Amino acid sequence: MNRLVSRLSSILKPRTMEITSSNFKEKLPEIEAAIDSASFLAFDGEFTGLNAYRGISHFDMPSERYDKLQESARQFLLVQFGLCTFHYDPATDNFSHQAFNIYVWPRPCSRNAPDPRFLCQTSSIDFLTNQNFDFNKLFKHGVSYLRPAELEKLKDTLKGRQDHRRLSMTPGTDQNQSIPIPADQEAFLARVHSKVEEFVKSDDQQLELEKCNGFQRRLIYQTAREKYKHLSLTSVTKTGGDRVICVIKADEEQQQKMAWLKDQAELSDLDVAFGFSRVIQKMTESGKLVVGHNMILDVAHTLNQFCGPLPESYQDFKAMTTAVFPKLLDTKLMANTIPFKQEIFNSSLEELHKAVQLPPYDLPPVPPKFSGSGYKADSASFHEAGFDAYITG
């Protein structure tokens, strides 16, 4: 009975297309399942800028256009990623869709994590503002991401730090050799030890020591661990970035368990920081057709932010694109190619959508697969990445 109620609740639960850090973990399985079951995918991005310094010319050779493109992709950010999955039902001979509108923001997960700088183009920010783009939501609740190579580097650094931390807790190791206590730190240590003594005698289970610098924390660890074998000392980063030492009453077995739990929590935090890049990995693994509209900039930003730095040469860029998105289709390129070019005179996304609703075309309805999981064709939410991805597909 409980299982039935749980199942019904999940079915009746309102769905949301908007994805932020608040619901990304919950929605990721749904996004992955939508990609797995899709016939094809469409995506679109919104950016902090479009053109970095140099103008685009119709006479650019592909390699020249790429040189300008990669400069833009490296300097500006993709801040909203719209993904729409399209699903064919052979029983009804109809398509349905699921849309996801995802805010993405490169939030540093640790002191060693990338802390990128980026440019904004006034016209682009003004455009997003006029489209009611929520910058507060982006900065506060944007889904974090890392490139795969950055994740592996951070994991290696973290594992090295965890190994060093375990060795520092083992008497007789090089990492645990005592350092001389400077005379000007003796009063500080005496004050700390007095607080710890009071804590030991009390019924409290946890004590937070006063803020101090890294060298002072090293002295506290050294002296307290020699004197208080039944206490666990751990550095904690508080809101705002301040690091303090937290003291907990625990025997040796409990300390080992706590150390293991801390290790696992740190690795879990890295997995969370990888965030949105998992969606791109899933799109790659699926091998599905990916549709976009005038998508070269969308592709370049996606590769540069979520996969790896863009290569210098145009040929290497093509190889990288094929590795990540083996099947691409650009609706703007289609609209500007014969025979469509002879019938479609404006290939902007909004005008193209209007054109294919008129003879000789017959645009079929593509409703949301589930209630609340997509858009209506007459929503007219253009320049919201999720809606643009839907119209593109």
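Residues numbered from 1 in each chain as written. Predicted model: local features only at pLDDT ≥ 70, side-chain atom pairs only at ≥ 80, totals over all residues. Heavy atoms only, no water.

A few words now on the sheet that holds strand 1 (residues 18–19). Ordered by their spatial adjacency, six strands build an open sheet running 1-4-3-2-8-9, and the pairing between neighbours is mixed. The open sheet terminates on both sides in strands that have one partner only, identified here as strand 1 and strand 9 (328–330). Two strands pair when backbone bridges link them, and strand 2 (residues 40–47) and strand 8 (residues 290–292) are joined in this way by two bridges, in the parallel orientation. The residue of strand 8 that forms the bridge with Leu41 is Val290. Packed onto the sheet, helix 15 (residues 385–392) meets strand 2, strand 3 (78–89), strand 4 (94–103) and strand 8 and runs at close to 35° relative to strand 3. (Pairing = 2+ DSSP bridges. Helix = DSSP H or I, 4+ residues; strand = E, 2+ residues; numbered from the N terminus. Contact = heavy atoms within 4.5 Å. Axes fitted to C-alpha atoms, helices over the stretch in contact; angles between N-to-C directions.)

Right, let's talk about unusual backbone geometry for a bit. Cis geometry is found at the peptide bond from Ile338 to Pro339, where omega equals 10°. One non-glycine residue, Asp93, lies in the positive phi region at around 60°. Take Asp93: it is sitting in the loop between strand 3 and strand 4. Look at Asp93 and you get exposed, because its relative accessible area is 53%. (Buried < 20%, exposed > 50% of the residue type's maximum accessible area, 1.4 Å probe, protein only.)

Side chains carrying opposite charge are able to pair once their charged atoms draw close together. In this structure the tally under the stated criterion is 14 salt bridges. Among the salt bridges present, the one from Lys137 reaches Glu18, with a minimum N-O distance of 2.6 Å. Placement of the pair is Lys137 in helix 5 (residues 135–141) and Glu18 in strand 1, with a sequence separation of 119 residues. Judged by its relative accessible area of 22%, Lys137 is partly exposed. Overall, Glu18 belongs to the partly exposed group, its relative accessible area being 31%. Notably, a salt bridge pairs Arg74 with Glu312, separated by 3.2 Å at the nearest N-O pair. Of this pair, Arg74 sits in helix 3 (residues 62–75) while Glu312 sits in the loop between helix 11 (296–306) and helix 12 (314–324), and the two are 238 residues apart along the sequence. (Salt bridge = Lys/Arg side-chain N within 4 Å of Asp/Glu carboxyl O.)

Without other data, these values stay purely geometric and don't point to any function.
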